[in-house]
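The chain contents come next:
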Amino acid sequence: MSNYAIGDIQGCYGEFIELLQKIEFDPEEDKLWLVGDLVNRGPNSLETLDYIFNIKESCNVVLGNHDLHLISVSKKLRSTQESDTLDDLLKNKNLTKYINWLKSLPFVHQEIINTVRGKINFFMSHAGLPPHWSLKKASLISEELSLNLKENTEFYLSNIYGNLPSGDNEAISEEDKLKVNTNYLTRMRFCNDKAELNLQEKGGLDTKIKGFKPWFCYKRKFEEKNTQIIFGHWASLRGETGNQKFIATDTGCVWGYELTAIELETGKRFTVRKKENE
Ligand SMILES: [Mn+2]
């Protein structure tokens with residue numbers, strides 16, 4: 001039995017299936033940790049989502065910004081963008097079934113696993129864990145966001161889009177808190193020492209922006225012993241953070257690079273190259 005963290009699939013169905021073959025994935029035995037952004041931009045969002053839906057008991061999945069976008073578009077709360085590749089899904093007869101499942105997913109997942117290096121507490125969210133949050137706080141925020149997504153869907157999805165306020169220090173209203181907390185868990189890359197986000201910059205580790213660093217480069221406010229943070233969302237990192245505590249899984253398959261699975265028990269990486277002509 002193994003646990004595998006897999007980076008942003010974004011509708012790259014062919015590569016996803018090839019990767020599952022490479023790791024000899026057995027849905028009866030193994031567990032997939034999917035960091036979100038299951039759909040969009042890639043060629044086969046419908047096939048990808050349908051496949052994952054059918055093995056959902058063997059998956060821990062957290063929501064990414066593209067998954068939230070799909071829900072918003074399906075509810076006619078946002079319009080599709082030129083680069084979206086969601087048409088097949090939006091026309092599919094099972095759309096409601098998929099959307100109801102997506103709405104039930106959390107923003108974070110946490111579990112202790114026996115690894116070759118002893119017991120490790122793995123925490124997963126799409127974008128990561130802000131440097132000033134405890135694991136407990138992230139879980140509570142995730143529960144609050146999920147409850148809003150499920151019960152106040154229209155209110156929630158109508159209020160989470162936008163880059164301001166940039167940090168929770170400036171979020172006063174309920175709407176602003178939902179927005180900034182959603183941004184922390186699904187869109188964060190660079191922040192400053194007040195944990196204010198720069199959501200425009202998408203460059204890699206060597207990007208220089210005055211006053212900003214990758215969120216995982218700050219001294220953390222809370223001690224997280226024997227914990228590793230699994231995240232996706234940041235393709236230009238190409239799987240490198242320079243710190244084994246932070247596991248970057250998005251290796252940019254949809255942008256022409258690779259899809260990656262990391263076996264949590266051993267830390268072993270498996271990759272599949274983006275297929276040509278798809
Ligand atoms: Mn993303």
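So, here's what we can say about the structure.

### A look at the pairing of strand β12 (residues 269-273)
Then, in step 1: Sheet topology places strand β11 (residues 258-263) next to β12; five bridges connect them, and they run antiparallel. By the bridge assignment for β12, Glu258 is matched with Arg273.

### Observations concerning the environment of Ser134
Then, in step 1: For Ser134, the position within the fold is in the loop between β5 (118-125) and α6 (135-151).
Then, in step 2: Separated by 88 residues in the primary sequence, Ser134 and Phe222 have C-alpha atoms spaced 5.7 Å apart.

### With respect to the sheet that holds strand β8 (residues 213-214)
One key point about sheets: their strands pair by backbone hydrogen bonds, in either a parallel or an antiparallel sense.
Then, in step 1: Taken together, the three strands give an open sheet; going across it, the order is β7-β6-β8, and neighbouring strands pair in antiparallel fashion. The sheet is open, and its two borders are formed by β7 (197-198) and β8, each paired with just one other strand.
Then, in step 2: One ladder, built from two bridges, connects strand β6 (residues 190-191) with β7; its direction is antiparallel. Residue pairing in the sheet places Cys191 in a bridge with Leu197 of β7.

### Comments concerning helix α3 (residues 65-74)
Then, in step 1: Counting buried residues along α3, eight of its 10 residues qualify, which places the element largely inside the surrounding structure.
Then, in step 2: Within α3 the residues assigned to the buried category are Asn65, His66, Asp67, Leu68, His69, Leu70, Ile71 and Val73.
Then, in step 3: Contacts made by the buried residues of α3 are with α4 (87-91), α5 (95-103), α7 (153-159) and α8 (174-186).
Then, in step 4: Count one or two residues on from α3 and you reach Lys76, which has phi positive near 60 degrees.

### What about α6?
One turn of the α-helix equals 3.6 residues, which is why residues spaced by three or four share an orientation.
Then, in step 1: An ideal rise of 1.5 Å per residue puts 24 Å on 17 residues; α6 measures up with 24 Å between its terminal C-alpha atoms.
Then, in step 2: Of the positions making up α6, those classed as buried are Ala138, Ile141, Ser142, Leu145 and Leu149. Projected onto a plane normal to the axis of α6, the buried residues spread over an arc of 105 degrees and lie on a single side. Away from its buried face by more than 90 degrees, α6 exposes Lys136, Leu147 and Glu151.
Then, in step 3: Where the residues of α6 are buried, they touch α5, β4 (108-115), β5, α7 and α8.

### Describing the packing of α6 against α8
Then, in step 1: Contact geometry for α6 and α8: axes closest at 11 Å, N-to-C directions at 115 degrees. Seen along the crossing, α6 lies across α8 with a hand that is left-handed. Judged by residue contacts, Ile141, Ser142, Leu145 and Asn148 of α6 engage Leu178, Asn181, Thr182 and Leu185 from α8.
Then, in step 2: Along the lines of polarity and charge, the residues of the contact of α6 with α8 split into four nonpolar, four polar and no charged.

### Some points on the sheet that holds strand β1 (residues 3-6)
Then, in step 1: With mixed pairing, five strands are arranged side by side in an open sheet as β3-β2-β1-β11-β12. Two strands close off the open sheet at either side, each with one partner strand: β3 (59-61) and β12. Averaged over neighbouring strand pairs, the angle between their axes works out to 20 degrees when direction is ignored.
Then, in step 2: Across the face of the sheet, helix α1 (residues 13-22) comes into contact with β1, β11 and β12 while running at roughly 145 degrees to β12.

### Thoughts on the environment of Thr48
Then, in step 1: Checked against the element boundaries, Thr48 lands in helix α2 (residues 45-54).
Then, in step 2: Under the C-beta neighbour-count criterion, Thr48 is labelled buried, with 24 such atoms within 10 Å.
Then, in step 3: Separated by 155 residues in the primary sequence, Thr48 and Gly203 place their C-alpha atoms 27 Å from one another.

### Focus on the pairing of strand β9 (residues 227-231)
Then, in step 1: Along β9, four of the five residues are buried, which leaves the element largely enclosed by surrounding structure.
Then, in step 2: Pairing of β5 with β9 involves four bridges; the strand directions are parallel. For Met124, the partnering residue across the bridge sits in β9 and is Ile230.
Then, in step 3: Of the pairings in the sheet, the one linking β9 to strand β10 (residues 246-248) comprises three bridges and is parallel in character.

### Brief notes about the packing of α3 against α5
Then, in step 1: Running from N to C, α3 and α5 cross one another at 130 degrees; their axes reach a closest spacing of 10 Å. Taken together, α3 and α5 sit at an angle that is classed as oblique. In the packing of α3 onto α5, the handedness of the crossing is left-handed. Contacts between α3 and α5 involve Asp67, Leu70, Ile71 and Ser74 from the former and Leu95, Ile99, Leu102 and Lys103 from the latter.
Then, in step 2: In terms of residue class, the contact of α3 with α5 is built from five nonpolar, one polar and two charged.

### A short note on unusual backbone geometry
Then, in step 1: Omega for the peptide link from Leu164 to Pro165 comes to 0 degrees, which places this bond in the cis form.
Then, in step 2: The phi torsion at Glu24 lies on the positive side, around 50 degrees, for a residue other than glycine.
Then, in step 3: Turning to its location among the elements, Glu24 is positioned in the loop between α1 and β2 (31-34).
Then, in step 4: The class of Glu24 is exposed, set by 10 C-beta atoms lying within 10 Å.

Parameters at a glance
Residues numbered from 1 in each chain as written. Predicted model: local features only at pLDDT ≥ 70, side-chain atom pairs only at ≥ 80, totals over all residues. Pairing = 2+ DSSP bridges. Helix = DSSP H or I, 4+ residues; strand = E, 2+ residues; numbered from the N terminus. Buried ≥ 20, exposed ≤ 12 C-beta atoms within 10 Å, placed from the backbone. Contact = placed C-beta atoms within 7 Å. Expected span 1.5 Å × (residues − 1). Arc of directions from axis to C-beta. Axes fitted to C-alpha atoms, helices over the stretch in contact; angles between N-to-C directions. Left-handed = near helix turned anticlockwise from the far one by under 90°. Nonpolar A, V, L, I, M, F, W, Y, C, P; charged D, E, K, R; others polar. Parallel < 35°, antiparallel > 145°, perpendicular 65-115°, else oblique.

Fair warning: the whole summary comes from geometry, so function is off the table for now.
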